[in-house]
Amino acid sequence: MIGPWKNPRSKIYWFRRRVPAKYRTFGMPAEIKFSLGTTDLEEAKILCQEENLKLERQWRANLAGEQPTELTHLQIVALAGEFYKETVTTRRDEPGPRAEIERSLREHAKRKRPPIGPLEPHLYMAFGPEAKAFLQRKGIHLVGDKLHSFIRSYVEAKELAGLELLQNAKKDYTPNEKVAARFPEYKPPNPAKKFDVLWAEFVDAKELAASTRKKWEPYFAQLIKRIGTDDMSRVTEQHLLDWRDALLASKASRRNVKFGYIAAARAFFRWAKNEKRLPTDPGAEVFVTISEKKKTKKVGFDDREAHTILAAALGPQNERMTEENAAARRWVPWLCAYSGARVNEITQLRACDVIEKDGIPCIHIRPEAGTVKNAEERTVPLHPHLQKMGFVEWARRKKGDAPLFYAIERQRKKDRKNPTYASVGNKLADWVRNRLQIRNPKVAPNHGWRHRFKEVGLGVDMKERVLDAIQGHAPRTEGEKYGKVKPPVMLREIQKHPWYEIEAPTAPVDRRRRDQRRTDQAATP
């Protein structure tokens, strides 16, 4: 890994790298070095990696180029036939004056005769540029003997096309079946890999959540627009690197570029390569570096913040809210507080997910209800306080697959990409931030419960493996993958969590007049 070098005569860091032999050309220095213009080590590390990638791209661009296309003799002749058919079809209706075509044929015959020396080099000099332009339009790259073979076929096909157009100019449109039959059917060696087809396969194979599809699809739409093709087999590492650099130069944050745009591209192309849908993975070496110094470590709610949210949840809710939204405010914060679950794991719960296991009231968190990280289901016992508050009795008022915190019949779109349970979570986050005024940037408005549950659990000596199982965290060691933590074991640890002593407010926190509510909504971006 290339690192910054500190100039001993100053405090400024420099970039230094020896030029690899395979990239070195006549007149190029053996070493590249220049000032990074900073005395900050963390910033210098990032700049150093960026400059190194830029150099690599420049050096690679000066190499021989893309991998040549492998064509058989039959495919070369068929490709020349494609040129013949395209030329005739394009000009068939209006072939032009007869005298002009005859003159063009005489010039063609003259061009293909070498004044001196062998035929092949002459044909390459005379017809090479136009033949390679045709190949480029077809996405074909030929070199060496294959290219010379195609040029010979191309010259012959061009003459045959001129002769047929001359026949048409003479008012004779009799099909020239003998000439057409000499060219076999052309089958592209690398059929186009359309994004829509590959994306549908990728979504099914990876079982992508609707919210992930909604987030990632605009990324690929932007990439396709930038490179000018939806054929994924033509996407190169250089395309992705240029796209990444353009994103970093825009207003997008480095974290969003790394964990959003580039993460999506790397996942998609890695799958396509592994499943043999694409010959290469152009995203394998496309990275975005982030300074550790600039990362903000997230923490859990403190006691005051937790009590504010839980108290507001107990109080009366705005009378204009739907029954399901009011229920979400009432129960979701408390369920998260006593389970450390992800907010969407709670908002997606159905009536059938409130169960009894080994005589213990539990919630069953499973992918069938929505999304679960790592697609791992788990059964989590309810804290005794939740049982005393009557959550089980409330949940049993609904039956079967009926969601607890939203109504299917009130969904505006049945096939919406952003799941309704995710919208419920977003509304709760907005409530915490904007109505309850909990705006600590280090605390996520919903995820703060997971951090707090972990902190409280460690504080009361919960067993770490059981604590991880309750929250759905992945095993930390290979040994922890063996054996399953059952509800009775979880309950013993959950009972260690102290009860929240909360007094309910007498009035809703966000009771607003209708006109004020509209004003607030209009002001919200």
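Quick note: structure is the one above.
These remarks concern the structure in this document. All values derive from a computational prediction rather than experimental measurement.

Moving on to the environment of Lys484. Inspection of the secondary structure assignment puts Lys484 in the loop between α18 (464-471) and α19 (487-494). Taking the C-alpha atoms as reference, Lys484 lies 9.9 Å from Arg378; in sequence the two are 106 residues apart.

Let's shift gears to helix α8 (residues 210-227). Spanning 18 residues, α8 covers 26 Å between terminal C-alpha atoms, matching the ideal 26 Å at 1.5 Å per step. By the burial criterion, the buried members of α8 are Ala210, Trp216, Tyr219, Phe220, Leu223, Ile224 and Ile227. Against the buried residues of α8 lie α7 (195-206), α9 (237-249) and α10 (254-274). Looking at the residues trailing α8, positive phi occurs at Gly228, about 80°.

What follows covers empty space enclosed by the protein. Inspection of every chain in the model, using the stated rule, returns one cavity of 30 Å³ or more. In this structure, the largest cavity encloses a volume near 60 Å³. Lining the largest cavity are Ile309, Val332, Pro333, Cys336, Val343, Leu428, Trp431, Val432, Asn446 and Trp449. Of the residues belonging to the lining of the largest cavity, the class tally is nine nonpolar, one polar and no charged.

Residues Ile346, Phe391, Leu404, Phe405, Trp449 and Tyr500 are the most contacted members of the largest nonpolar core, which totals 54 residues. For this core, the element with the highest residue contribution is helix α12 (residues 323-339), accounting for nine residues. Setting aside residues no more than four positions away along its own chain, Trp449 makes contact with Phe301, Ala306, Ile309, Leu310, Pro333, Cys336, Ala337, Gly340 and Tyr500. Grouped together as the second largest cluster of nonpolar side chains are 31 residues, Val203, Phe220, Leu247 and Ile262 included.

Attention now moves to the sheet that holds strand β2 (residues 13-18). The strand order across the open sheet formed by three strands is β1-β2-β3, and the pairing between neighbours is antiparallel. Two strands in the sheet have a free side with no partner beyond their single neighbour: β1 (5-6) and β3 (31-35). In terms of strand pairing, β1 meets β2 through two bridges, oriented antiparallel. Bridging across to β2, Trp5 finds its partner in Trp14.

A few words now on the pattern of salt bridges. If you walk through the whole model with that rule in mind, you get 26 salt bridges. Where Glu159 meets Lys112, a salt bridge forms, and the shortest distance between an N and an O atom there is 2.7 Å. Pair noted here: Glu159 is in helix α5 (residues 144-169) and Lys112 is in the loop between α3 (98-111) and α4 (119-137), with a separation of 47 residues, a long-range link. Glu345 is the salt-bridge partner of Arg342, the closest N and O atoms lying 2.7 Å from each other. In this pair, the class of Arg342 matches that of Glu345, namely buried. Among the charged side chains, a network of salt bridges with common partners joins Lys454, Glu464, Asp468, Arg476 and Glu480.

About the criteria used
Residues numbered from 1 in each chain as written. Predicted model: local features only at pLDDT ≥ 70, side-chain atom pairs only at ≥ 80, totals over all residues. Heavy atoms only, no water. Helix = DSSP H or I, 4+ residues; strand = E, 2+ residues; numbered from the N terminus. Expected span 1.5 Å × (residues − 1). Buried < 20%, exposed > 50% of the residue type's maximum accessible area, 1.4 Å probe, protein only. Contact = heavy atoms within 4.5 Å. 1 Å grid on protein atoms, 1.4 Å probe; cavity = no way out; pocket = protein on both sides within 12 Å on 5 of 7 lines; lining within 4 Å. Points joined across faces, edges and corners; volume = space filled by probe spheres on them. Nonpolar A, V, L, I, M, F, W, Y, C, P; charged D, E, K, R; others polar. Core = buried A, V, L, I, M, F, W, Y, C linked by side-chain atoms within 4.5 Å. Pairing = 2+ DSSP bridges. Salt bridge = Lys/Arg side-chain N within 4 Å of Asp/Glu carboxyl O.

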